[in-house]
Amino acid sequence: MSFFFGLVFGITLGILLIVTLVRFENTRSKRRSELATTIAAFSKMTVADSRKILPAEYYPPWVVFSQRQKLTWLNLQLKKIWPYVNEEFIWNWFIVRGTECCRISIIEDRSDGITMELELQWDGNPSIILDIKTLLGVALPVQVKNVGFTGVFRLIFKPLVDQFPCFGAVSYSLMEKKNLDFTLKVIGGDISTIPGLYDAIEGTIRDAVEDSLTWPVRKVIPILPGDYSDLELKPVGTLEVKLVQAKELTNKDIIGKSDPYAVLYIRPLCDRMKTSKIINNQLNPIWNEHFEFIVEDASTQRLVIKIFDDEGIQASEFIGCAQVPIKSLEPGKVKDVWLKLVKDLEVQRDNKNRGQVHLELLYCPFGMENGFVNPFAPQVSMTSLEKVFKVEADGTEVGDIAKAASQKRREVIVRGVLSVTVISAEDLPTVDLIGKADPYVVLLMKKTETKNRTRVVNNSLNPVWNQTFDFVVEDALHDMLILELWDHDTFSKDYMGRCILTLTRVLLEREYTDSFPLDGAKSGKLNLHLKWTPQPIYRDS
């Protein structure tokens, strides 16, 4: 009996063990299959996918997403063989000599081409003679020697084709100019004896190198027969700039104050650089001038503004400079910026206060399908900013306008009524020796010189006015509102500060309420409400 019981028990236990083992193996196999599928999915993930799954703030600091392949193995081999290549590498017309080999990296831009960057160092002693024409008609021979250069060149092999050498053309450009040194010498004389000549020639040479080779400017060399016009530099949009004002500029004059003017450019070409008018004897100039620039590459180009002090027949003195990358601007949106002036855009070690400059910027890419349609195109000339306000202010059908414009060329003027409500002021500085202050506000439209003023609020540093003033504005794009705060005294008045406002924001928003800090005051701000009622008109041009 016990034999049969043991037999049945053993068979049952064995079956149970086999079933359990089979189920365990099936479950394990299923999990391994699911894990393999997950790993395969992760292997196909892109950088964009990983950023969607895990936000950037959760990544450790050593994780960097880069589109650059450093090619360490290739650079290591180049470093080894460089002393044995006779210290000379010739590519087209460019010659590299030196003990430091070039470093190569590949840029992943997902285009139908290969982008390579080479960090080069070149030191030589060429003899370059420049024949400089002077205003007197006399040629001045200047020698350029002891040239030293360090920079990063970009090579683009594009398009890729199915025949040797597997690409149709090579484009090269200077991506980064780290250092450029050279010596100038007048043949048969000393260039330093002519005031300002050395700096002028040196600046001209540097600008010429920068504009002729620096990205997005590129040189295209065809390798295989074909049309490579699409690789050439082409305009992609326009940048509308309103130079509003500057404040707290450094005084360069011993007697009196500086006479500042601004130079703006994207590419340092004479025909593309814009110069503002000169404001005499002023460290807080107001320009309110418009400029328009052509943009060829919004991802790398930048707007540069330099402020100078005019010295008449002598060379202008440099006050400071600033820059704005175009990629930081949202297309179709006006950006209001205050930029701190520095001595050098490349070396950010200047802690001296050189002043600030106020700009309004609007970047408009070509072919942007929104409110930037010019109803008079192509027979009317309007700036990009005027096109925005023309579409917003005018309710006429585009077809009717185009038909009317075909008969006579017309240009839009943004005209209307500006209603300004001076609500109150807060935290004003004490001006009177006894008591607080008796503030009032003077409102001025700069272009038409129309003035209004509020009532005086006695003995208060937080006055409330709630007064509204209407101004008929004939050309809103080129006008501005200046509000000056004064302290009223019986026989005099004391200046307390001011606010300078362009009409760009109220033209876009039609109505808004905001607080504005007082310039030229230790503290204080004005609370204002602005409203715009458009009355567009046209003029023949």
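Residues numbered from 1 in each chain as written. Predicted model: local features only at pLDDT ≥ 70, side-chain atom pairs only at ≥ 80, totals over all residues. Heavy atoms only, no water.

Per an unreviewed UniProt entry, the protein chain goes by Synaptotagmin-5-like isoform X2 and derives from Nelumbo nucifera. Per its UniProt entry, the protein chain bears the Function (unreviewed entry) comment "May be involved in membrane trafficking." (UniProt positions renumbered as here; feature names shortened; annotations may be inferred.)

Okay, the overall build of the protein chain next. A tally of regular secondary structure across the protein chain gives 7 helices and 27 strands. A buried classification covers 39% of the 541 residues belonging to the protein chain. Split by element, the accessible area of the protein chain, about 31,800 Å² in all, is 56% carbon and sulfur. (Helix = DSSP H or I, 4+ residues; strand = E, 2+ residues; numbered from the N terminus. Buried < 20%, exposed > 50% of the residue type's maximum accessible area, 1.4 Å probe, protein only. Areas by Shrake-Rupley, 256 points an atom, 1.4 Å probe, with all protein chains shown as cover.)

Evaluated as defined, the whole model comprises 5 aromatic pairs. Consider the rings of phenylalanine 157 and phenylalanine 167, whose centres lie 4.9 Å apart with planes at 65°: the pair is edge-to-face. In this pair, phenylalanine 157 sits in strand E7 (residues 139-157) while phenylalanine 167 sits in the loop between E7 and strand E8 (169-186), placing the two residues 10 residues apart along the sequence. Through successive ring pairs, a cluster of aromatic residues spans Tyr261, Phe308 and Phe318. For the cation-ring pair, arginine 453 lies above tyrosine 440, with the distance from its terminal atom to the ring centre recorded as 4.1 Å. Sitting above the plane of the tryptophan 486 ring, lysine 493 keeps its charged end 4.5 Å from the centroid. (Phe/Tyr/Trp six-rings, centres within 6.5 Å; stacked < 30°, edge-to-face > 60°. Lys NZ or Arg CZ within 6 Å of the ring centre and 35° of its normal.)

This part takes up a nonpolar patch on the surface. On the surface, a nonpolar cluster with roughly 620 Å² of combined accessible area is contributed by Phe3, Phe4, Leu7, Ile11, Ile15 and Val19. Mapped onto the elements of the fold, isoleucine 15 is located in helix H1 (residues 2-43). Residue class for isoleucine 15 comes out partly exposed when judged on its relative accessible area of 49%. (Patch = residues over 30% accessible without salt bridge, like charges linked within 9 Å, V, L, I, M, F, W, Y side chains within 5 Å. Salt bridge = Lys/Arg side-chain N within 4 Å of Asp/Glu carboxyl O.)

On the surface, a cluster of negative charge is made up of Asp112, Asp227, Asp230 and Glu232. Relative to the assigned elements, aspartate 112 resides in the loop between strand E4 (103-107) and strand E5 (114-124). Take aspartate 112: its relative accessible area is 45%, and that puts it in the partly exposed class. (Lys, Arg positive; Asp, Glu negative; His and termini not counted. Charge placed at Lys NZ, Arg CZ, Asp CG, Glu CD.)

Read across the open sheet, the 4 strands follow the order E22-E19-E26-E25; overall the sheet is antiparallel. Only two strands of the sheet have a single neighbouring strand rather than two, namely strand E22 (464-473) and strand E25 (511-517). Across this sheet, the average inter-strand angle for adjacent strands is 20°, counted without regard to direction. One ladder, built from 7 bridges, connects E25 with strand E26 (residues 525-534); its direction is antiparallel. Paired with proline 517 across the strands is lysine 525, a residue of E26. (Pairing = 2+ DSSP bridges. Axes fitted to C-alpha atoms, helices over the stretch in contact; angles between N-to-C directions.)

With 42 residues, H1 should reach 62 Å at 1.5 Å per residue; the first-to-last C-alpha distance of 60 Å fits that figure. Along H1, only 0 of the 42 residues are buried, which leaves the element largely exposed. (Expected span 1.5 Å × (residues − 1).)

Further remarks concern the pattern of salt bridges. For the structure shown, the criterion picks out 10 salt bridges. In this structure, lysine 247 and aspartate 519 form a salt bridge, with 3.3 Å as the shortest nitrogen-oxygen distance. Residue lysine 247 is located in strand E10 (residues 237-247), and its partner aspartate 519 is located in the loop between E25 and E26; the two are separated by 272 residues in the primary sequence. Neither lysine 247 nor aspartate 519 differs from the other in exposure class; each is buried. Glutamate 509 is the salt-bridge partner of arginine 505, the closest N and O atoms lying 3.3 Å from each other. Residue arginine 505 and its partner glutamate 509 are located together in helix H7 (residues 504-509), separated by 4 residues, close to a single helical turn. With a relative accessible area of 31%, arginine 505 lands in the partly exposed category. One salt-bridge network, held together by shared partners, links Arg267, Arg272 and Glu296.

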